[in-house]
Each structure stands twice: as C-alpha cells, then as structure tokens.
Amino acid sequence: MLALLFAVTFGLSMDYECSWSAGSRSTTSRTGDLRESVAAGLERSGRLITGAAAIMVGVFLAFGMFAHTVVIKELGIGLTIAIAVDATVVRILLVPAIMRVLGPVSWWTPRLPRSGRRQVRALPRPAES
C-alpha cells in the first residue's frame, strides 16, 4: 500500500509542479532575478495548485469515507493526507525556500553531448517482382 501511495502521489504532484516551474522559469529567463521568479511562479500557479489539490482531497476523502473495502479506504485517506501535505507544506514552503537557498543552481541541467548532425541513411528499397 505504501508503494502505491507513493507512486500515485508522485504522479499527481508532478502535474502541478510542472506548471509552477514553467511559470517560474519563464520569469527567471526574462528577468534573471531568482527571488522575483519564485514569487511569480507561486503567484501564477497558486490558484491552480490550490484548486487542484482541493478537488483531489475532496475525491480521495470521499473514497476514504464511503468505500466498503478496507484497501480503498486506506488509499483514500492516505492520498488525502499526502496531497494536503504536498500542496501546503511542500509547494508553498519547502520548494520556494530550497530554490532561494540554492540560487541559480536550482535551474542547473546537465549538458547533453553534441555529436554533430547524424545523417540518416535511407533503407534500400525492396526489389520489385
């Protein structure tokens, strides 16, 4: 059950993390000010993240309260707690604080090797009969 809770929570939280980081990254590339970009990312996606989390908490809470199977109740209550903590503590407090501490390193991406342009050779045509 714990592995299932983690997998579902991770997948759901990545959806709105992508929208938050896209808004924050566009401000960083435009202004270069990390403090402003973190605030702009929160401002742009705050309603979306809160609304999505509220809907998910409501649905998962209904699973936890009204299901007749213990496994579904466990999943519902576990996901309710996980999404509520993720949307409040992690997204509002931890992610912006860590990004401010890391500074420009928070936007580091690995450099991909440049191997030049690859030429694609066409496959030989089959012989006509």
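Residue numbers here run from 1 along each chain, matching the order of that chain's written sequence. At least 70 in pLDDT is required for a residue's local features to be given in this predicted model, at least 80 for side-chain atom pairs to be given and counted, and no such filter applies to totals for whole chains, interfaces and linings, which use all residues. Only hydrogens and water are removed before side-chain values are computed, so all heavy atoms of the structure are retained for them.

Draft legend 1. Up close: the side chain of Ser37. Only runs of H or I of at least four residues qualify as helices and only runs of E of at least two qualify as strands under DSSP, and these elements are numbered from the N terminus. Relative to the helices and strands, Ser37 is located in helix α2 (residues 34–66). With residues near it in sequence (within four places) discarded, Ser37 still touches Ser24, Thr27 and Thr28. Contacts are assigned to residue pairs with any non-hydrogen atoms lying within 4.5 Å of each other.

Draft legend 2. The environment of Ala53, seen in detail. Its place among the elements puts Ala53 in helix α2. Accessibility here uses a 1.4 Å probe with only protein chains present; expressed as a share of the type maximum, an area under 20% marks a residue as buried, one over 50% as exposed, and anything in between as partly exposed. Judged by its relative accessible area of 6%, Ala53 is buried. Put simply, Ala53 and Ser13 are 40 residues apart on the chain and 9.0 Å apart in space, counted from C-alpha to C-alpha. Non-local contacts of Ala53, meaning those with residues more than four positions away in its chain, are made with Ile83 and Ala87.

Draft legend 3. Region of interest: the environment of Val38. Relative to the assigned elements, Val38 resides in helix α2. Each C-alpha atom of the pair Val38 and Trp20 lies 9.0 Å from the other, and the pair is 18 residues apart in sequence. With residues near it in sequence (within four places) discarded, Val38 still touches Trp20, Ser24, Pro96 and Met99.

Taken by themselves, the reported measurements are silent on function.
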